[in-house]
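Report on the structure
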Amino acid sequence: MAQYEAVIGLEVHVELKTNTKIFCHSGTEFGADPNHHVCPVCLGLPGVLPVVNKKVVEHAIKAGLALNCQIAAFSKFDRKNYYYPDLPKNYQISQYDLPIAEHGCLEINVNGADKRIGITRVHMEEDAGKLVHQGTISTTPYSLVDYNRTGVPLIEIVSEPDMRSADEAVAYLEKLKAIIQYTGVSDCKMQEGSLRCDANISVRPVGQAELGTKAEIKNMNSFKALHKAVSYEIERQIEVLEDGEKVVQETRTWDEAQGETLSMRSKEEAHDYRYFPDPDLAPMVIARDWVEEIRAGLPELPDERRERFVSAYSLPEYDATVLTGTRELADYYEQCVELYNNPKLVSNWVMGDLARMMNISGQEIKNVRISPAQLAKMLELLDNGTISGKIAKTVFEEMFNTGKDPGQVIEEKELVQISDAGLIDKVVVEVIAANPKSVEDYRAGKEKAIGFLVGQVMKLTKGKANPGLVNELLKIKLDK
Amino acid sequence: MQLHYLTAHQLHDMLVSKQISAEELTRAVFDRIEQVEEKIRAYVTLTQERALNYARLVDKARLAGEALPLMAGIPVAIKDNMCTKGVRTTCASKILYNYIPPYNATVIERLNEARTVMVGKTNLDEFAMGSSCENSAFFTTCNPWDTNRVPGGSSGGSAAAVAAGETILALGSDTGGSIRQPASFCGVVGMKPTYGAVSRYGLVAYASSLDQIGPFARDVTDCAMLLNVICGHDPLDSTSVPYDVPDYTAFLTGDVKGVKIGVPREYMGEGIDPAVKEVIKKAIDVYTGLGVVVEETTLPHTEYALPAYYLIAPAEASSNLARYDGVRYGYRAKDAGDLVDMFMQTRSEGFGAEVKRRIMLGTYALSAGYYDAYYNKALKVRTLIKTDFDRAFEQFDLLLGPTAPVTSFKRGEKVDDPLQMYMVDICTLAVNLAGIPAISIPAGIVDNLPVGLQLIGRPFGEGDILRAAHAFEQNTDYHCKLPE
């Protein structure tokens, strides 16, 4: 059997975060009642005209710069003509031959190896609406149309066919998502559809320069789905070739339930979109100083930040990668470190207990109730012995659930560590008196017996006694 | 006194001096409509109650001593392809026969601010595609000069309404001559402003890069006054140009001495009716007599304007008219089997033959494999045509010629020959491709039918055009001629 190599390129649609739509003043908020965020312009009523939202262009430039693209000096909008009820004008305003940004790249790391993935272009376009069916599209007696999403700004980011595996495709999408999120131009929520991904996949025998026939895969709604769909499609195409047949150029859809890709339409059925410049929108001359202004306002991006976390905080590469995975998490971490300067300890808590609690509760970093300052304060109390490491975990959970200050939690739950030797000593005397057998065992050389006695002291002090001190005081008494 | 045949500036004086009320004026216009509309059929929709209410409000404000805009109380008719909130806007198409817009076009907002009174919505060739009003899905408007003849098009309803005294002023739209040609056929003043001078927001698009709204009036002064109301930048239209709109009436000085006018030989050559040519020659004599320097010039790519126009305009139209699919508003075919069937049946039944012809032409011109040969080449020709005008305006202040190669023709005469029909616009098309302003003014009568003189100006040179048009009017009386 010949060795095959997959060639993968991704087309990613990202919904831009703006208050109003790309060509009108309607709102963009997700989850409103159907046909609530609409106006004559986004409904495409007779006579209306689009006016481009400057924020959209700014966001697109920002994304382009973050992806190392060249920003066009001259750009324009074109009409993509096709009929569908979710598209009120029966054409989509998009960009064809003069996109806002081109020739970019990003770096991925798969199995320890760095790889650069080229970005062909970034272009702006308007989103379409949504059809609501009873059951499936083929069996529904009628469909309802919701135009809330119509005209929500999108950028489409097209990669070069530089990926060779499902792992690389996922790594690319993860990195792309992180970069876009860092720039703040989109939430990139795959579940809400603000990040959508199609894949162009072909296979060829290793060593062959010519590309194989590609299939376009749609409807992958999660990173997991992307991985499964790409893996499946690569296998499918290899099988087709192994059977001596040819791969058909077509669009296929990923069926999550069946775990397979299914043919949607062949090349012959493909639309002729009849692109032409939209005469309603004047071409844009993008001022260089505006681009430079946007560049100057770019935040530190994931790669730079990860490197800085390693060098400035002496964090292991792994910690730095996890902590810089999203801008919010990295911000959280840094705010905490600023107030409590023990980077590795903060990292352990953020990646450990905080991540665990977020996972359990399904919360995102921006929604957690415990603030970086509160976490820093708690770590300080741990450091100065006010609470023990064990109690700290209890305190942390309470803080996570209630948003209360550590001091308040400790007070309410009476969790202050007892470090008063006199107080502990009394309990030690009590425990020694009550457990003669263990005392005898210890004195007979069973040093482990002290553990039981320590436990008894802790029990009587409800876990608040300073464990070090308990040990010390017990030993003094027992060794007498 | 026949109020309905006075000019807006005359009526303004009478309104201000309280000789008449706006209500009386409105009633006079509707009385006239009552009298002649059966023969002319200029209107698709009349808005009498609304008009009288508007007029009464103007009267009330005037009596209360409020400062009123110049045009307050003046009746204006609107071509039925401009959106009027709450008033049916059909584009004379079956596909929009029941469409009531929820918003006003910007020009309607401006007319409302100016406190003018809308009389109704006028007939047109369906979606402004045509040169005779015969492509209206509803009925054909007749030329008030001879009801067996067409009023021209596509803004035939507006032109006929002004000519017949069924309104004082009107708005039309001009994509390839649709204001100027009917103005010429009906013996009224009609102007296509510079592309970008008047907002297109709310004008139902035919060919977006060519469409422009403009005024119809009985004389040049009225035209300038209406232009003052409708011109100016609109943030809702990104192709509208921010510029300082002058008071166009200030240009009407009568003094044209030393102005240089070029006469493109292409507009006086083959295909132009000799009688029309004679009228234009006499007009040239009038100008020469006023101290204007008139010389022959050339616009060498003129013959390519028509083919370029019939690729660019249909290409844009094929996309602009895609939205009429029966899903959201307008006509929807009954008993369609499925979605695609509904799209196809709705559009097959909803559009007329000429609209379908242009949609097909445009779809073809934009198709993969043909785009460069047709659409793209037409864009290049368009650039050449613009360059022709730029060169001519290096030498001349204005260009002059006939508005149309012929006078009004008989109904039915050209309906079976689209190409003959298209030829009626050969003198006007290039102006739209170049995006420059032009006017048609009454310049003579041939066989009891009016002939229009076209004056073409530099971009945003409306003032210069109006000055020259006004000077001609001051020295002739063709604009006073009325149909019998």
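Keep in mind it's a predicted model, so treat the numbers as computed, not measured. In this convention, every chain numbers its residues from 1, walking through the sequence in written order. Chain letters and ligand numbers both follow the written order, the letters beginning at A and the numbers at 1. A pLDDT threshold of at least 70 governs which residues receive local features in this predicted model, and a stricter bar of 80 or more applies before side-chain atom pairs are shown or counted, although totals over entire chains, interfaces and linings include all residues.

1. Quick notes on the overall build of chain B
Rules: Helix numbers and strand numbers start at the N terminus; a helix is a DSSP run of H or I with at least 4 residues, a strand a run of E with at least 2. In this setup the radius of gyration rests on C-alpha atoms only. A globule is expected at 2.2 Å times the number of residues raised to 0.38. Counts of 20 or more other C-beta atoms within 10 Å of a residue's own C-beta define buried residues, counts of 12 or fewer define exposed ones, and intermediate counts define partly exposed ones; C-beta atoms are placed from the backbone. The contact criterion used here is simple: two residues whose C-beta atoms, placed from the backbone, lie within 7 Å are in contact.
Across its full length, chain B carries 15 helices and eleven strands. The C-alpha radius of gyration of chain B comes to 21 Å, within 12% of the 23 Å expected for a compact globule of 484 residues. Once the C-alpha set of chain B is aligned to its principal axes, its extents read approximately 65 × 55 × 45 Å. Expressed as a percentage of the 484 residues in chain B, the buried residues total 60%. Within chain B, counting contacts between residues at least 6 apart in sequence, those at least 24 apart form 76% of the total.

2. A closer look at the overall build of chain A
The helix and strand tally for chain A stands at 15 helices and 16 strands. In terms of C-alpha radius of gyration, chain A reaches 30 Å, well past the compact-globule figure of 23 Å for 480 residues. Of all intrachain contacts in chain A linking residues separated by at least 6 positions in sequence, the fraction that spans at least 24 positions is 69%.

3. So, the interface of chain A and chain B
Heads up, the condition is: In this count, Pro and Cys sit with the nonpolar residues alongside Ala, Val, Leu, Ile, Met, Phe, Trp and Tyr, while Asp, Glu, Lys and Arg are called charged and the others, Gly among them, polar.
Contacts between chain A and chain B engage 24 residues on the former and 34 residues on the latter. Tallied by class, residues from the side of chain A that touches chain B come to 15 nonpolar, four polar and five charged.

4. Here we look at the nonpolar core
For soluble globular proteins, the rule of thumb is that nonpolar side chains tend to be buried together. Where we set the bar: In this description, a nonpolar core means buried residues of the types Ala, Val, Leu, Ile, Met, Phe, Trp, Tyr and Cys, linked to one another by C-beta atoms lying within 7 Å.
In terms of nonpolar packing, the biggest core is built from 234 residues, with A169 and A199 of chain A together with V76 of chain B touching the most fellow members. Tallying contributions element by element places helix α2 (residues 166–183) of chain A first for this core, with eleven residues. Apart from the residues lying within four places of it in its own chain, the contact partners of A169 of chain A are I8, L10, M163, A199, L226 and V230 of chain A. With 34 residues, the next largest nonpolar core counts L329, Y332, W349 and L375 of chain A among its residues.

5. What to know about the domain arrangement of chain A
All names here are of chain A. Our working rule: For every domain, the bounds stem from an assignment made automatically or drawn from a database.
Domain annotation for chain A reports domain 1 (4–290), domain 2 (303–412) and domain 3 (421–478). Listed as interface residues are four residues of domain 1 and, on the opposing side, four residues of domain 2. The element contributing the most residues to the side of domain 1 that touches domain 2 is α2, with three residues. Residues of the side of domain 1 that touches domain 2, tallied by class, amount to two nonpolar, one polar and one charged.

6. Some details on the packing of helix α13 (residues 436–443) of chain A against helix α14 (residues 449–460) of chain A
Relative orientation and spacing of two packed helices are given, respectively, by the angle between their axes and the distance between those axes. All names here are of chain A. Rules: Each axis is a line fitted through C-alpha atoms, taken for helices only over the stretch in contact, and angles between the N-to-C directions span 0 to 180 degrees. Helix crossings fall into two classes, left-handed where the near helix is turned counterclockwise from the far one by less than a right angle and right-handed where it is turned clockwise.
The interhelical angle for the contact between α13 and α14, taken along N-to-C directions, is 145 degrees, at an axis separation of 8 Å. The element α13 and its partner α14 pack so that their crossing is left-handed. The residues of α14 that touch α13, namely those facing S438, D441 and Y442, are A449, I450, F452 and L453. Grouping the constituent residues of the contact of α13 with α14 by class yields five nonpolar, one polar and one charged.

7. Section: unusual backbone geometry
Excluding glycine, residues mostly have negative phi values, and the peptide bonds linking residues are mostly trans. Put simply, G153 of chain B and S154 of chain B share a cis peptide bond, and its omega is 10 degrees. Inspection of the secondary structure assignment puts S154 of chain B in the loop between β3 (117–122) and α5 (156–163). Of note, N219 of chain A is a non-glycine position whose phi angle comes to about 70 degrees, a positive value. As for its position among the elements, N219 of chain A is in strand β12 (residues 215–220).

8. Quick notes on the sheet that holds strand β11 (residues 195–205) of chain A
Residues and elements named next belong to chain A. What counts is decided by this rule: In this description, strands pair whenever DSSP reports at least two bridges between them.
Strand order across the open sheet formed by nine strands is β2-β6-β7-β10-β1-β11-β12-β13-β14, with mixed pairing between neighbours. Here the strands that pair on one side only, and so sit at the sheet edges, are β2 (70–71) and β14 (260–266). On top of the sheet, α2 reaches β1 (4–15), β6 (101–110), β7 (113–126), β10 (153–159) and β11; it is set at about 120 degrees to β6, its chief contact.

9. Comments concerning the packing of helix α1 (residues 54–66) of chain A against α2 of chain A
Residues and elements named next belong to chain A. Using the following cut-off: Throughout this description, any angle smaller than 35 degrees is read as roughly parallel, any larger than 145 degrees as roughly antiparallel, any in the 65 to 115 degree range as roughly perpendicular, and the remainder as oblique.
Where α1 meets α2, the closest approach of the two axes is 10 Å, and the angle between their N-to-C directions is 130 degrees. By the angle class used here, α1 and α2 are oblique. Here α1 and α2 pass one another in a crossing that is right-handed. Here K62, A63 and A66 of α1 lie close against α2, whose contacting residues are I179, I180, Y182 and T183. Considered class by class, the residues forming the contact of α1 with α2 number five nonpolar, one polar and one charged.

10. Here we look at the pairing of strand β4 (residues 78–81) of chain A
Residue and element names in this part refer to chain A. Side chains D78 and K80 of β4 all project onto a buried face; the interleaved residues R79 and N81 project onto the opposite face, where all are buried too. Two strands pair when backbone bridges link them, and β4 and strand β5 (residues 91–94) are joined in this way by four bridges, in the antiparallel orientation. Across the sheet, residue N81 finds its bridge partner in β5, namely Y91. The pairing of β4 with strand β15 (residues 276–277) spans two bridges and is classified as antiparallel. Bridge pairing links R79 to F276 in β15.

11. Quick look at the environment of E256 of chain A
Along the chain, E256 of chain A falls in the loop between β13 (250–255) and β14. Residues E256 of chain A and K228 of chain A, 28 residues apart in the sequence, show an inter-C-alpha distance of 8.8 Å.

12. Focus on the environment of V188 of chain B
Residues and elements named next belong to chain B. Relative to the helices and strands, V188 resides in the loop between α6 (180–186) and β5 (189–192). Once the C-alpha coordinates of V188 and D80 are considered, the two residues, 108 residues apart in sequence, prove to be 19 Å apart. Those residues in contact with V188 that sit more than four places away from it in its chain are A159, V162, A163, A183, F216, A217, R218 and P442.

13. A closer look at the environment of A55 of chain B
All names here are of chain B. Its place among the elements puts A55 in helix α3 (residues 48–63). Using a count of 25 C-beta atoms within 10 Å as the deciding quantity, one classes A55 as buried. Excluding its chain neighbours within four sequence positions, the residues that come into contact with A55 are A22, E23, T26, G73 and V117.

14. Section: helix α10 (residues 389–402) of chain A
Residue and element names in this part refer to chain A. Definition in use: One less than the number of residues in a helix, times 1.5 Å, gives the span that helix is expected to have.
For α10, built from 14 residues, the straight-helix expectation of 20 Å at 1.5 Å per residue is met to within 8% by its first-to-last C-alpha distance of 20 Å. Where α10 is concerned, the buried positions are I391, A392, V395, F396, M399 and F400. Buried residues in α10 make contact with α8 (343–361), α9 (372–383) and α11 (406–412). Phi turns positive one or two residues past the end of α10, at G403, with a value near 75 degrees.

15. Examining the pairing of strand β9 (residues 398–402) of chain B
Residue and element names in this part refer to chain B. Across the five residues that make up β9, a large majority, five, are buried. Relative to β9, strand β7 (residues 260–264) runs parallel, the two being bridged by two bridges. Bridge pairing in β9 places G262 opposite L399. Examined bridge by bridge, β9 and strand β11 (residues 449–456) share four bridges and lie antiparallel to one another. Across the sheet, L400 pairs through a bridge with L455, a residue of β11.

16. Looking at helix α5 (residues 302–313) of chain A
Residue and element names in this part refer to chain A. In plain terms, the rule: Working definition: the arc comes from the directions between the helix axis and the C-beta atoms, pointing outward to the latter.
The end-to-end C-alpha distance of α5 is 16 Å, a good match for the 16 Å that twelve residues give at a rise of 1.5 Å each. Residues of α5 that are buried include every one of P302, R305, R306, F309 and Y313, and no others. Angularly, the buried residues of α5 cover 105 degrees about the axis, an arc narrow enough to put them on a single face. More than 90 degrees from the buried face of α5, the exposed residues found are E304 and S311. Along its buried surface, α5 packs onto α2, α6 (317–323), α7 (327–339) and α8. After α5 finishes, the residue S314 shows a positive phi value of roughly 50 degrees.

17. Some details on the sheet that holds strand β4 (residues 169–174) of chain B
All names here are of chain B. The sheet built from eleven strands is open, its strands ordered β1-β3-β2-β4-β6-β5-β10-β11-β9-β7-β8 with mixed pairing. With partners counted over all chains shown, the strands left at the sheet margins are β1 (43–46) and β8 (293–297), one partner each. Strand-to-strand twist in this sheet, taken as the mean axis angle between neighbours without regard to direction, amounts to 30 degrees. Packed on one face of the sheet, α3 meets β1 and β3 and runs near 160 degrees to β3. Its contacts with the sheet put helix α8 (residues 274–289) on β7, β8, β9, β10 (438–446) and β11, and the angle it makes with β10 is roughly 110 degrees.

18. Things to note about the confidence of the model for chain B
Put simply, the test is: The pLDDT value tells you how sure the predictor is about a given residue, anywhere from 0 up to 100.
Averaged over every residue, the pLDDT of chain B is 96; residues scoring 70 or more account for 100%. The ipTM assigned to the predicted complex is 0.96, against a pTM of 0.90.

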